[in-house]
Amino acid sequence: MKLKHLLLAAVLLLAFSCSEKPKVDDGKNFHLEGTVEGLPDGEQLLVTDGDGFPVDTLTVSQGKFSYSAKTDTVSFYTIFVMNDPSTNVNFFTEPGTVQMKISTKMADCSVGGTTANDALQQLMTETAPYYEKINEIEALVSSDTTLTPEGDWVMAERYLQLYNEIERKMKDAAEKNITNELGYMLVVRFVDEQADADLLEQLIAKMPDNFRHRRPVVKLQAILDSRVNTDEGQVMPDFTLLTPDSTQLSVMGEVKQHKYTIIDFWASWCNPCRAEVPAMRQLYTDFKEKGLGIVSISLDDKAEDWRQAITDLKMEWTQLSDLKGRDDAAARAFRVSTIPYMVVVDSVGTIMKKGLRGDDLRLFISDLLPE
């Protein structure tokens, strides 16, 4: 979940010049004043647009660099150090003067001076500690050959928690900055139209009219208007997924075989999911003769890990997956953002309840299927 997910492909009406500023200040001029730390004079910097295509090159001189443009469209750009692309700073070509610092220590890089760039800096400052911890986990996992499977699961769960925190920060930033270009970019490039459909509709409704009329927002609104309704009381859509032996199976076909079915979203790498399995196993044992079915849909992308977890955890009910990870079609339709996640449906697929776990789920099932 890096800022690459936020890149905005915009229509640019720019005339670039690295050596001179625009002559007339008509409210559409962008100027960047940059300083460097830890980089020698003559160092080359590469400017890329929101799709990663090169736009221009800059040269560090006396510890500084500058960049100017006349712009009718605010766009999202990145400046990279050519000899070290991992050192880079994102910015908006927003009218005004922007101050940037590029440092070989990424934590010391900064940008600001206009509304959207100030907001972008605040977001980067808030998310930086989470990225640092993610990098520490990645380094540990890649270097520590003594990690047990249990240790791997703990690391994977911590990794997921950190990314969830970053997602939360970005969603908060989208709402807080919905009237400026950062909020717009987060909406069109980050907020998921399936998993976060309700939030996305709320954010679009708060946008200024000129944002709502932009083509990416119009397209998003069309997707939202046509999405499948998976609210409680609605009939769930059908999905054809793979069984562990690679046979295609209809979820609705399984649902019709039981009075009530729990749709269980999980993954082999999710420690809380694994911790939930014993309670699910007991629930299945106690209520399967009364008409309860369970369909577990895995958000795994590695078939071997998925199959091994099913065996290790003794999950003796229907197991399905499309092996597309978090991009699983059923999970997207049900707007699943965290797992484990349970949905209870009746024999025709009517959604009875969503989001219950543990004792709350057992109590709900026992009311539906009294002993």
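Residues numbered from 1 in each chain as written. Predicted model: local features only at pLDDT ≥ 70, side-chain atom pairs only at ≥ 80, totals over all residues. Heavy atoms only, no water.

Asks: Go over helix H4 (residues 197-206), please, and point to the residues and values.
Replies: Turning to H4, its buried residues number three or more, namely Ala197, Leu200, Leu203 and Ile204. Take H4 and look down its axis: the buried residues cluster within an arc of 120 degrees, on one side only. (Buried < 20%, exposed > 50% of the residue type's maximum accessible area, 1.4 Å probe, protein only. Helix = DSSP H or I, 4+ residues; strand = E, 2+ residues; numbered from the N terminus. Arc of directions from axis to C-beta.)

Asks: Tell me about the side chain of threonine 78, residues and numbers included.
Replies: Here threonine 78 shows up in strand E6 (residues 76-81). Within the structure, threonine 78 has its side chain in polar contact with the side chain of asparagine 90 (distance 2.8 Å). Every residue in contact with threonine 78, bar those within four places of it in the chain, is listed here: Leu46, Val47, Thr48, Asn88, Val89, Asn90 and Phe91. (Polar contact = N/O pair within 3.5 Å; in protein donor to acceptor, adjacent residues only side chain to side chain. Contact = heavy atoms within 4.5 Å.)

Asks: A description of the packing of aromatic side chains should follow, citing residues and the corresponding values.
Replies: Here the structure, examined in full by the defined rule, presents nine aromatic pairs. Judged by centre distance (6.4 Å) and plane angle (70 degrees), the ring pair of phenylalanine 30 and tyrosine 67 falls under edge-to-face. Here phenylalanine 30, found in strand E2 (residues 29-37), pairs with tyrosine 67, found in strand E5 (residues 64-70); they are 37 residues apart in sequence, far enough to count as distant. Accessibility classification places phenylalanine 30 together with tyrosine 67 in one group, the buried group. Following the ring pairs from residue to residue traces out a cluster consisting of Phe30, Tyr67, Tyr77 and Phe91. Across the ring face of tyrosine 184, the terminal group of arginine 214 is positioned such that the distance to the ring centre comes to 4.4 Å. (Phe/Tyr/Trp six-rings, centres within 6.5 Å; stacked < 30°, edge-to-face > 60°. Lys NZ or Arg CZ within 6 Å of the ring centre and 35° of its normal.)

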